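Structure assessment
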Amino acid sequence: MPRHPSNTLRSAGQPFACESLESRIVLSADFVSAGLANLFAQANAFSLIGNRDDQGVIVADRLDAANPGPPPVSMPTLDLLEDLAGGGFDVGRTDDSTFTLDVGTRFDVADGFGVGWLSSFTGTDLSEFQLIVERPAEGAITLSSIAGFWRMHTIEYTLDAQDQLASIGVFEGTTTISNTSFFTQLIGSPGEVPKIQSRVIVGDDMRGGFALNDDAELFSNADGTILIYRDLDHESHTAFDGNDGGIGILIRSDIEPTVEEVAGLYRFGGVAFQEVARAFFADSPSADWVFELRADNTWRAFDLSDSERQTANQVINEGEWTLTGGILSMTQGMPGGGGPVINFEVASDGNTLAVVGVEDGGSLVKAFGVANRIPAGAGAPGDELPDGGNGGGGGGGGGGGGGGGGEPVTALIGVGGRNINDEPLAFDLRGETWFVADLIALATGTNTQTAPTLDFEVWIDPVDGQLHAATSTVDGLYAYRRDGDKTWRVRNLTTELAGAENIVGDLTVFFATTGEVYIAGLASDGAMVTYTNLQDPLLSGLERWEFDNIADSQLTPKSVEMPAIVSPLTSYVTAWNGLNIIGLDAAGDIWAVWSGNGGSIWWANNLSEITGALPISGGLTAYLTSWNGINIAGIDSDGSLVVSWWVPQFGADWVFSDLSAIADGPALDPSSITSYVAPWGGLNVAGLDAAGEVVIYWWSPAREAEGLTWTTSNLTEALPAESPRPETNLTSDVASGGSNGVSLNVFGDAANGDVIRLFFEVDTAAWSLQNVTADARAD
């Protein structure tokens with residue numbers, strides 16, 4: 001058998017960036033912030049305008065109320081930006097500042113762009129709090145589009161004649177914006193004088209920034225649903241506006257939110273200046289939390305930093321919550337509450353909560369803060385998740401947990417097969433032994449499968465670690481799950497979910513980095529539909545699934561046409577949780593139905609036009625690299641293996657390569673292509689040549705270091721003629737954790753329907769063949 005490339009690891013240090021379709025990495029897009037610094041010493045408003053470069057460094061201008069004049073070229077204190085496991089971010093400091101904690105939340109949220117924030121502390125005093133929004137494209141937001149009525153929440157300060165802090169307060173109220181003016185009516189805590197201000201809009205920077213008189217400015221987020229406000233006036237003292245500086249957030253309020261709409265996970269940053277307000281934060285001047293609003297009207301909070309790093313999920317606060325009109329009230333203490341209450345105003349964007357104030361023992365004071373929604377399954381803390389933990393990622397690796405009792409079954413690989421009646425069989429590898437389950441015979445449920453299988457996928461769930469399967473039939477989409485005690489359960493999701501449509505034939509399954517499992521396919525009218533396991537168990541212990549017709553709910557409202565895909569589908573998920581479902585139209589163009597923010601907002605694009613790819617006849621497959629490269633391969637009309645590929649260094653540009661010409665390799669059957677990436681960075685595309693032999697095109701960083709490029713290996717030419725070999729339905733998987741360490745696997749069906757495995761194990765450094773069907777034991 002041919003030998004495989006060395007497992008030399010790729011060197012570290014590749015920069016992280018993203019392609020132009022999915023600029024959703026923390027702060028990678030142009031952003032603007034409105035911040036206050038040193039609030040308990042020398043208050044100072046400031047603002048950053050910049051972005052994160054391709055080396056991960058924040059490059060921004062800082063406008064500072066206390067230091068008028070030209071801004072510095074860059075911000076050296078933000079060099080150590082880190083994307084955290086839970087989806088938020090952390091900022092390390094490289095200067096001599098005394099900040100001891102910097103945590104923040106993203107401005108891309110479940111259904112849009114929202115508002116982000118960053119808070120920094122030193123000792124027990126708040127040192128810095130910033131609101132952050134992504135800047136819209138030029139001309140996307142106009143004064144006309146933001147005109148009208150808003151709710152406004154601000155922190156504002158005044159200085160004395162010696163520029164020392166005289167007072168600081170939190171205010172909330174209403175704002176009316178016209179094409180020429182900015183009129184606010186704000187109230188503070190009881191006893192404070194209401195603030196009525198009228199300002200003139202004197203400038204428009206065409207990127208959602210609107211200048212007011214007196215050194216104040218408004219900035220819109222990317223979709224026009226949130227505004228942030230900064231006042232850099234540092235000299236007015238007792239002038240008509242009554243303050244010297246401040247920051248604020250403006251939202252459109254939702255006056256009739258429902259419990260179902262509001263329930264979910266939120267990242268929350270809050271600031272309190274009075275004892276009553278601090279009571280809700282356990283007598284701290286601030287709070288950085290992840291809190292969960294449950295549908296049963298209870299809530300609980302976790303430390304943001306611990307939860308984002310997934311190092312701890314200890315509940316630090318809990319209670320009950322209610323909705324009254326557009327106000328969400330969280331009462332501390334269970335059962336029955338009785339502790340301090342924090343009130344939020346619910347924004348109409350569906351993602352944002354703005355703090356109104358805190359009540360405790362009959363006292364009411366204002367506080368400042370913002371919470372934004374975390375997409376379902378992203379960094380979910382605590383015991384709501386199954387025992388598999390918080391992780392995301394792909395299949396192939398086993399995990400613990402699962403329901404059903406008994407010893408958990410840990411599978412290294414899961415692969416599907418069928419019997420002679422086209423009924424689904426699930427194979428999985430445990431250690432060195434294969435097992436097989438006849439799903440129709442074993443699975444129990446209220447609606448069992450009777451119709452033959454059209455397409456079938458098997459996977460290991462990224463959260464519960466259990467074996468799952470899905471099969472499309474004329475009667476609906478069936479979802480199977482094996483519990484920890486080896487019992488199987490089945491559900492017909494099409495008949496179970498209201499409004500669900502059947503998938504006609506081909507399926508593709510993929511995993512968001514936040515853990516959700518997507519099953520995607522085409523409905524009878526060609527629309528892209530998805531079934532999503534939200535990784536949020538029902539009380540029965542079953543998974544909670546939801547259905548979405550992406551064409552109807554996402555594309556048509558944006559006047560985006562659903563592409564006419566005629567090929568089998570494939571899918572990939574980027575490191576920044578960009579979800580991509582791709583297929584070919586009749587002309588051989590590659591189309592992507594994609595979401596850049598983890599499945600909340602979807603689009604459709606012709607990738608062939610974007611990448612410059614020539615027409616593809618079939619065999620579409622995608623593989624991603626650890627250095628954030630994206631590779632989309634297929635077979636052209638001559639049988640050549642061609643690939644459109646991108647790495648962060650290319651910016652918006654793609655490269656189109658003919659791998660058959662580069663490797664001087666054989667033509668491949670378009671119906672047989674599969675791809676995988678080895679742990680050491682080796683890229684592999686397998687297919688069948690004209691003689692029916694399994695051929696792998698492969699490349700590795702070690703070969704590149706030696707000045708070599710793509711080459712081919714024939715995995716089956718040395719087999720005896722009587723040996724079964726993969727002839728159809730090629731798939732592939734990379735597994736680790738078995739007795740022989742890492743294994744690379746290519747599967748396919750023999751002529752008689754047996755599942756055949758070609759596998760390379762690092763310990764033996766050679767390829768071997770196994771008849772999985774013949775070797776598997778009954779589960």
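Everything discussed here concerns the structure shown above.
Description of the structure in this document.

Procedures and definitions
- Residues numbered from 1 in each chain as written.
- Predicted model: local features only at pLDDT ≥ 70, side-chain atom pairs only at ≥ 80, totals over all residues.
- Heavy atoms only, no water.
- Helix = DSSP H or I, 4+ residues; strand = E, 2+ residues; numbered from the N terminus.
- Buried < 20%, exposed > 50% of the residue type's maximum accessible area, 1.4 Å probe, protein only.
- Contact = heavy atoms within 4.5 Å.
- Areas by Shrake-Rupley, 256 points an atom, 1.4 Å probe, with all protein chains shown as cover.
- Pairing = 2+ DSSP bridges.
- Axes fitted to C-alpha atoms, helices over the stretch in contact; angles between N-to-C directions.
- Polar contact = N/O pair within 3.5 Å; in protein donor to acceptor, adjacent residues only side chain to side chain.
- Phe/Tyr/Trp six-rings, centres within 6.5 Å; stacked < 30°, edge-to-face > 60°.
- Salt bridge = Lys/Arg side-chain N within 4 Å of Asp/Glu carboxyl O.
- Core = buried A, V, L, I, M, F, W, Y, C linked by side-chain atoms within 4.5 Å.

When you go through the protein chain residue by residue, the secondary structure sums to 11 helices and 53 strands. Here the protein chain holds 779 residues, and 57% of them are scored as buried. Partitioning the intrachain contacts of the protein chain with sequence separation of at least 6 by distance along the chain shows that 50% fall at a separation of at least 24. Put simply, the protein chain shows about 28,900 Å² of open surface, and 50% of that area lies on carbon and sulfur atoms.

Another aspect to go through is unusual backbone geometry. The backbone of Ser 559 shows a phi angle near 60°, a positive value even though the residue is not glycine. If you check the backbone angles, Asn 729 has positive phi at about 55° while not being a glycine. Examined against the element boundaries, Asn 729 turns out to sit in strand β49 (residues 728-738). For Asn 729, a relative accessible area of 52% gives the class exposed.

Before going further, it helps to spend a moment on the pairing of strand β11 (residues 181-187). Walk down a regular strand and you will see the side chains alternate between the two sheet faces. Along β11, the buried face is formed by Phe 182, Thr 184 and Leu 186; none of Ser 181, Phe 183, Gln 185 and Ile 187, which line the opposite face, is buried. Looking at chain direction, strand β10 (residues 165-177) and β11 are connected through six bridges and run antiparallel. Each bridged residue has a counterpart across the sheet, and for Gly 173 the counterpart in β11 is Leu 186. Between β10 and the antiparallel strand that follows it, β11, lie three residues. The pairing of β11 with strand β12 (residues 195-204) spans six bridges and is classified as antiparallel.

Turning our eyes to something else, we now look at the sheet that holds strand β44 (residues 655-658). Taken in spatial order, the four strands line up as β41-β42-β43-β44 in an open sheet, and their pairing is antiparallel. Edge positions in the sheet fall to β41 (618-624) and β44, since each has one partner strand and no second. Neighbour-to-neighbour, the strand axes of this sheet turn through a mean angle of 20°, independent of strand direction. Summarising the sheet, β41 and strand β42 (residues 630-635) pair through five bridges and their orientation is antiparallel. The residue bridging Leu 624 from the neighbouring strand is Ile 630, located in β42.

Right, let's get into the sheet that holds strand β35 (residues 528-533). Sheet architecture is open: four strands sit in the order β33-β34-β35-β36, paired in antiparallel fashion. On the outer flanks of this sheet lie β33 (508-511) and β36 (545-549), each paired with one strand and no other. Averaged over all neighbouring strand pairs, the angle between strand axes comes to 20°, with direction disregarded. Alignment of strand β34 (residues 517-522) against β35, held across six bridges, turns out to be antiparallel. Considered in β35, the bridge of Ala 520 is made with Thr 530.

So, on to the side chain of Thr 674. Checked against the element boundaries, Thr 674 lands in strand β45 (residues 674-677). Looking at Thr 674, its side chain comes within polar contact range of the side chain of Ser 732, at 2.8 Å. In this view, Thr 674 contacts Thr 621, Asn 684, Val 685, Ala 686, Leu 730, Thr 731 and Ser 732; residues no more than four positions away in its chain are not counted.

Quick look at the side chain of Asn 577 now. In this fold, Asn 577 is placed in the loop between β37 (570-573) and β38 (579-584). When its relative accessible area of 10% is taken as the criterion, Asn 577 is described as buried. In contact with Asn 577, not counting residues within four places along its chain, are Ala 512, Thr 513, Thr 514, Ser 595, Gly 596, Asn 597 and Gly 598.

Our focus in this paragraph is the packing of aromatic side chains. Inspection of the entire model under this criterion finds 20 aromatic pairs. Centre to centre, the rings of Trp 434 and Phe 747 are 5.9 Å apart; their planes meet at 80°, and the pair counts as edge-to-face. Of this pair, Trp 434 sits in strand β28 (residues 433-438) while Phe 747 sits in strand β50 (residues 741-749), and the two are 313 residues apart along the sequence. Taking relative accessible area as the criterion, Trp 434 reaches 2% and is therefore assigned buried. Looking at Phe 747, the relative accessible area reads 2%, which means it is buried. When the ring of Trp 645 is compared with that of Phe 650, the centres are 5.3 Å apart and the planes differ by 55°; the resulting orientation is tilted.

Once that is clear, we can look at the environment of Phe 129. On the secondary structure map, Phe 129 appears in strand β8 (residues 125-134). Phe 129 sits in the buried class, given a relative accessible area of 1%. Expressed as a C-alpha distance, the spacing of Phe 129 and Ile 247, which sit 118 residues apart in the sequence, is 9.4 Å. The contact partners of Phe 129, leaving out residues within four places of it in the chain, are Ala 34, Gly 35, Leu 36, Trp 117, Leu 118, Ser 119, Ile 247, Gly 269, Gly 270, Val 271 and Phe 368.

Tallying each qualifying case throughout the model produces 20 salt bridges. Glu 292 is paired through a salt bridge with Arg 294; the nearest N and O atoms lie 3.9 Å apart. Take Arg 294: its relative accessible area is 22%, and that puts it in the partly exposed class. Close ionic contact of Asp 483 with Arg 481 constitutes a salt bridge, the shortest N to O distance being 2.8 Å. Here Asp 483 and Arg 481 have matching classes, each one buried. When salt bridges that share partners are traced, they join Asp 464, Arg 481, Asp 483, Arg 489, Arg 491, Glu 496 and Glu 543 into one network.

Attention shifts here to the nonpolar core. In summary, soluble globular proteins display a tendency toward joint burial of nonpolar side chains. In terms of nonpolar packing, the biggest core is built from 33 residues, with Val 115, Phe 129, Leu 131, Tyr 157, Ile 228, Ile 249 and Phe 368 touching the most fellow members. Residue assignment for this core shows that the elements contributing at least two residues are β1 (31-37), β8, β9 (148-159), β15 (226-231), β16 (245-251), β17 (264-271) and β25 (368-374). Membership of the second largest hydrophobic core comes to 27 residues, among which are Ala 277, Leu 293, Ile 342 and Phe 344.

Most of strand β46 (residues 683-688) sits out of view: six of its six residues are buried. The side-chain alternation of β46 yields two buried faces, one formed by Leu 683, Val 685 and Gly 687 and the other by Asn 684, Ala 686 and Leu 688. Direction of pairing for β45 relative to β46: antiparallel, over a ladder of four bridges. What sits directly across from Ser 675, in β46, is Val 685. Here β45 hands over to β46 after five residues, with Gly 681 in that stretch at a positive phi of 95°. Connecting β46 to the next strand, strand β47 (residues 694-699), in antiparallel fashion are five residues, including Gly 692 with a positive phi near 85°.

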